[in-house]
Amino acid sequence: MSTSFERFQKRKLISSYFSVVLSIALVLFLIGILGILVLNTQKLADHFKEQITISVFLKDNAKEIEVEQLQKSLAMADYTKKATYVSKEEAAEQHSAEIGENFIEFLGHNPLKNSIDVQLKADFVSAEKITEIAEEISAKAYIEEVSYDKPLISLLTENVKRLGFWILVASGIFTFIAVLLINSSIRLSIYSKRFIIKTMQMVGATKSFIRKPFLWTNVKLGILGAVLALIAMGVVLYYVTIYFPELDLFGDPIILILLFVGIFVLGVLISLISTFFATQRFLNLRTDDLYY
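Reading the values: rules and limits
Residues numbered from 1 in each chain as written. Predicted model: local features only at pLDDT ≥ 70, side-chain atom pairs only at ≥ 80, totals over all residues. Heavy atoms only, no water. Axes fitted to C-alpha atoms, helices over the stretch in contact; angles between N-to-C directions. Helix = DSSP H or I, 4+ residues; strand = E, 2+ residues; numbered from the N terminus. Parallel < 35°, antiparallel > 145°, perpendicular 65-115°, else oblique. Left-handed = near helix turned anticlockwise from the far one by under 90°. Contact = heavy atoms within 4.5 Å. pLDDT = per-residue confidence, 0-100. Patch = residues over 30% accessible without salt bridge, like charges linked within 9 Å, V, L, I, M, F, W, Y side chains within 5 Å. Areas by Shrake-Rupley, 256 points an atom, 1.4 Å probe, with all protein chains shown as cover. Salt bridge = Lys/Arg side-chain N within 4 Å of Asp/Glu carboxyl O. Buried < 20%, exposed > 50% of the residue type's maximum accessible area, 1.4 Å probe, protein only. Pairing = 2+ DSSP bridges. Expected span 1.5 Å × (residues − 1). Phe/Tyr/Trp six-rings, centres within 6.5 Å; stacked < 30°, edge-to-face > 60°. Arc of directions from axis to C-beta.

A few words on the packing of helix α8 (residues 194-202) against helix α9 (residues 207-243). Relative orientation and spacing of two packed helices are given, respectively, by the angle between their axes and the distance between those axes. Their axes nearest at 9 Å, the elements α8 and α9 cross at an angle of 150°. When the axis of α8 is compared with that of α9, the two are roughly antiparallel. When the axes of α8 and α9 are compared, the crossing they make is right-handed. Of α9, the residues touching α8 (which contributes I197, M200 and Q201) are K207, F209, I210 and F214.

Residues at a pLDDT of 70 or more form 85% of the chain, whose mean pLDDT is 77. Of all helices and strands in the chain, the one with the weakest mean pLDDT is helix α5 (residues 103-107) (64), whereas strand β3 (residues 115-120) scores best (86).

Another aspect to go through is the packing of helix α2 (residues 41-49) against helix α7 (residues 150-191). At a minimum axis separation of 10 Å, α2 and α7 run at an interaxial angle of 160°. Here α2 lies roughly antiparallel to α7, going by the angle between them. The way α2 lies across α7 gives a crossing that is right-handed. Contacts between α2 and α7 involve T41, A45, F48 and K49 on the former and, on the latter, L156, V160, G164 and I167.

Right, let's get into a nonpolar patch on the surface. Together, I223, L224, V227, L228, I231, V235, Y238, Y239, I242, Y243 and F244 make up a nonpolar patch on the protein surface, roughly 1000 Å² of accessible area in all. Mapped onto the elements of the fold, Y238 is located in helix α9. Looking at Y238, the relative accessible area reads 48%, which means it is partly exposed.

With that out of the way, let us pick up the environment of V265. By secondary structure assignment, the location of V265 is in helix α10 (residues 253-284). Spatially, the C-alpha atoms of V265 and G222 are 9.2 Å apart, while their sequence positions differ by 43 residues.

To continue, consider the sheet that holds strand β4 (residues 143-147). Spatially, the four strands line up as an open sheet ordered β2-β3-β1-β4, and their pairing is antiparallel. Strands with a single pairing partner mark the edges of an open sheet, and in this sheet they are β2 (80-86) and β4. Averaged over all pairs of adjacent strands, the angle between their axes in this sheet comes to 15°, without regard to strand direction. Its contacts with the sheet place helix α3 (residues 64-76) against β1 (53-58), β2, β3 and β4, and it is angled at close to 160° to β2. Together, β1, β3 and β4 form the strand contacts of helix α6 (residues 127-138), whose direction differs from that of β4 by roughly 170°.

Moving on to the pairing of β1. Sheet topology note: the β1/β3 ladder contains five bridges and is antiparallel. Residue F57 lies in a different strand from β3, and its bridge partner there is S115. Of the pairings in the sheet, the one linking β1 to β4 comprises four bridges and is antiparallel in character. Its bridge partner being in β4, L58 is matched across the sheet by I143.

For an α-helix, 3.6 residues make a turn, and residues three or four places apart therefore share a direction. Across its 12 residues, α6 extends 16 Å between first and last C-alpha, which sits within 8% of the 16 Å expected from 1.5 Å per residue. Against the buried residues of α6 lie β1, α3, β3, β4 and α7.

This part takes up the packing of aromatic side chains. Evaluation of the coordinates by the stated rule reveals three aromatic pairs. With centroids separated by 6.3 Å and ring planes inclined at 70°, the aromatic side chains of Y79 and F124 adopt a geometry described as edge-to-face. A residue pair is termed long-range when its members are at least 10 positions apart, and Y79 in the loop between α3 and β2 and F124 in the loop between β3 and α6 qualify at 45 residues. Given a relative accessible area of 9%, Y79 falls into the buried group. Geometrically, the ring pair formed by Y238 and Y239 is edge-to-face, given 5.2 Å between the ring centres and 80° between the ring planes.

Attention now goes to the environment of D149. Here D149 shows up in the loop between β4 and α7. You can call D149 partly exposed: its relative accessible area is 42%.

Attention shifts here to α8. Looking only at α8, the buried set comprises R194, I197 and K198. Down the axis of α8, the sector holding all buried residues measures 95°, keeping them to one side. In the stretch just after α8, G204 is the one whose phi turns positive, near 105°.

And the structure:
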């Protein structure tokens with residue numbers, strides 16, 4: 001009977017420890033992901049901004065030397081990330097692939113123009129700057145038209161600002177929730193041992209003596225939970241970097257190391273502080289109050 005009871009107590013203890021570690025790991029993982037988003041908000045914003053392209057359409061009578069000079073000057077411009085020449089034949093092939101039929105056979109001629117697609121640097125993606133760039137390019141006599149998506153640029157600028165704000169808000173909320181969840185898990189774990197705490201106190205053990213093993217045990221659980229969270233974060237970072245290398249999440253390793261250290265320290269600190277106050281609460285309770 002005693003062996004069966006001991007096994008039951010052991011399983012109960014392991015289950016309690018597992019729930020604490022899992023709670024800490026999941027919450028710290030969410031905080032870590034939000035931390036990565038906060039640290040890389042500008043990179044994310046820049047990535048989306050740099051998808052904006054200005055299409056410079058050339059007149060049919062534009063000379064080859066003029067086109068070459070224009071492409072070189074655009075490629076060397078401060079605002080350009082990449083400048084690509086697209087012939088009317090290439091544009092026709094792309095358009096035919098998109099619509100699923102050869103429109104040239106239907107029309108009898110190719111109405112498209114030779115063009116240069118200019119991919120802008122993120123710092124120059126704003127309605128005002130793009131308008132200035134477009135006007136500067138349009139001034140050349142052999143330019144037919146400079147085209148870009150004005151509504152998309154305005155929408156992108158507004159959404160980037162909102163994205164940064166809401167990521168900060170979400171980070172604050174999740175950090176608060178994290179503290180509450182970890183604190184609740186540890187308090188429940190210690191609640192199941194409240195009678196042991198009171199018994200030790202009644203036989204003369206000091207508060208610091210009683211508190212010490214609880215602190216050490218939950219700090220170890222906090223360390224384990226933090227390590228699991230960091231491993232999960234590392235896996236997510238690895239796969240995000242594989243599928244989205246342009247984000248360059250490992251571009252500044254010092255910031256990532258500081259974030260990982262911060263998550264680890266946060267897990268340990270929350271565990272330590274929560275355990276201290278939880279044990280203190282039961283140490284200060286009267287014996288009759290333990291039943292409520």
